[in-house]
Amino acid sequence: MFTDMHNHFVYGVDDGCADHDAMLKLLFALEANRITRLVSTPHITPGLEPFPMEAYHRHFGEARELIRREGLHMEIYTGQEILYTDLTARYLREGQALTMAGSEYALIEFMPGENYARLCEAAQKVRNAGYYPVFAHIERYACLSDIHCVEELKQRYGVKMQVNCSLFVHKQGFFRKRWIRNVMKNGLIDFVSTDTHDMPGREPSMGQCYDILMKEYGEDTARALTGGNADILFR
Ligand SMILES: [Fe+2]
């Protein structure tokens, strides 16, 4: 029913699941959250740390086998959460970084504290490399607390915006609540995702998030953000 396009369930390749057992537990938790399409997005940091691509594909294959063996109702896809560095566009162009489910959409994250000009540069360079950027957990970037910047990134560069389920599920302060109200009212958010790592600590909360979205913004918005909008990744 839901699509999760940002998470760290594949074990042993980043700060997500540590081992095979943790991955199995997390897959069960994702199933319990009614997630039927799952794009795996381990961290890659172009030019900073090498990414264990061979292990990733091997562990991804193990996940596929677990899903089949346990009779889970989900399809899984490869991808990466790509840190924006000076080498990110080159990695995409050369196929050294993976897009989401093999689509033309690339999940991009930033170092904390990057400024708005750097986000614009990232959007432009990813577009020039032939891809569409999806900015990961945009609630984290102080420079996007001004929603006009979010609007401009979408209009000028076609950036898609992802936030984590925790934004809706966890209690938020006054300014954060006002930001959420504004971005939602203006239709600036494209996807909510679990960004789940390992359990316990960062469990998936897609089901709970859907219920909150449904209550606050209605069924059409809840469906779009938890799966409908993600159809663009699977064409
Ligand atoms: Fe992540």
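Below you will find a few notes about this structure. Keep in mind the model is a prediction, meaning the values are calculated, not measured.

Per the secondary structure count, the protein includes nine helices and nine strands. Against the globule reference of 18 Å for 235 residues, the protein gives a C-alpha radius of gyration of 17 Å, in line with a compact fold. If one aligns the C-alpha atoms of the protein with their principal axes, the spans along those axes are about 45 × 45 × 30 Å. At a minimum sequence separation of 6, the contacts of the protein that also span at least 24 residues come to 77%.

The set of residues buried in helix α9 (residues 219-226) consists of Ala222, Leu225 and Thr226. The arc that holds every buried residue of α9, seen down its axis, measures 90°, which confines them to one face. On its buried side, α9 packs onto β1 (2-4), β9 (191-193) and α8 (206-217).

Further remarks concern the packing of α8 against α9. Between α8 and α9, the least distance of the axes is 7 Å, while the angle of their chain directions is 145°. You can see that α8 and α9 cross each other, and the crossing is right-handed. Taken together, the residues of α9 that come into contact with α8 (itself represented by Met206, Tyr210, Leu213, Met214 and Tyr217) are Glu219, Thr221, Ala222, Leu225 and Thr226.

Examined against the element boundaries, Asn186 turns out to sit in the loop between α7 (174-185) and β9. What Asn186 contacts, discounting residues up to four positions off in sequence, is Ile147 and Glu151.

The subject of this paragraph is the pairing of strand β6 (residues 105-109). Extensive coverage of β6 is indicated by the burial of five of its five residues. Relative to β6, strand β5 (residues 81-83) is paired through three bridges, and the arrangement is parallel. Its bridge partner being in β6, Leu83 is matched across the sheet by Glu109. For the segment spanning β5, helix α3 (residues 88-93) and β6, crossover handedness is right-handed.

For the rest of this paragraph, the subject is the packing of helix α1 (residues 20-32) against helix α2 (residues 53-70). Taken N-terminus to C-terminus, the directions of α1 and α2 make an angle of 50°; their axes are 11 Å apart at the nearest point. Classified by the angle between their axes, α1 and α2 sit oblique to one another. Note that α1 runs across α2; the crossing there is right-handed. Contact residues: His20, Met23, Leu24 and Leu27 in α1; Glu62, Ala63, Leu66 and Ile67 in α2. Split by residue class, the contact of α1 with α2 holds six nonpolar, one polar and one charged.

Strand order in the open sheet formed by three strands is β1-β2-β4, with parallel pairing between adjacent strands. Of all strands in the sheet, those with a lone pairing partner are β1 and β4 (75-77), marking the two edges. The sheet shows a mean angle of 15° between the axes of neighbouring strands, direction not considered. In this structure, strand β2 (residues 35-39) lies alongside β4, joined through three bridges in parallel fashion. Across the sheet, residue Val39 finds its bridge partner in β4, namely Tyr77.

Definitions and limits used
- Residues numbered from 1 in each chain as written.
- Predicted model: local features only at pLDDT ≥ 70, side-chain atom pairs only at ≥ 80, totals over all residues.
- Helix = DSSP H or I, 4+ residues; strand = E, 2+ residues; numbered from the N terminus.
- Rg over C-alpha atoms; globule rule 2.2 N^0.38 Å.
- Contact = placed C-beta atoms within 7 Å.
- Buried ≥ 20, exposed ≤ 12 C-beta atoms within 10 Å, placed from the backbone.
- Arc of directions from axis to C-beta.
- Axes fitted to C-alpha atoms, helices over the stretch in contact; angles between N-to-C directions.
- Left-handed = near helix turned anticlockwise from the far one by under 90°.
- Pairing = 2+ DSSP bridges.
- Right-handed = clockwise from strand over helix to strand, strands pointing away.
- Parallel < 35°, antiparallel > 145°, perpendicular 65-115°, else oblique.
- Nonpolar A, V, L, I, M, F, W, Y, C, P; charged D, E, K, R; others polar.

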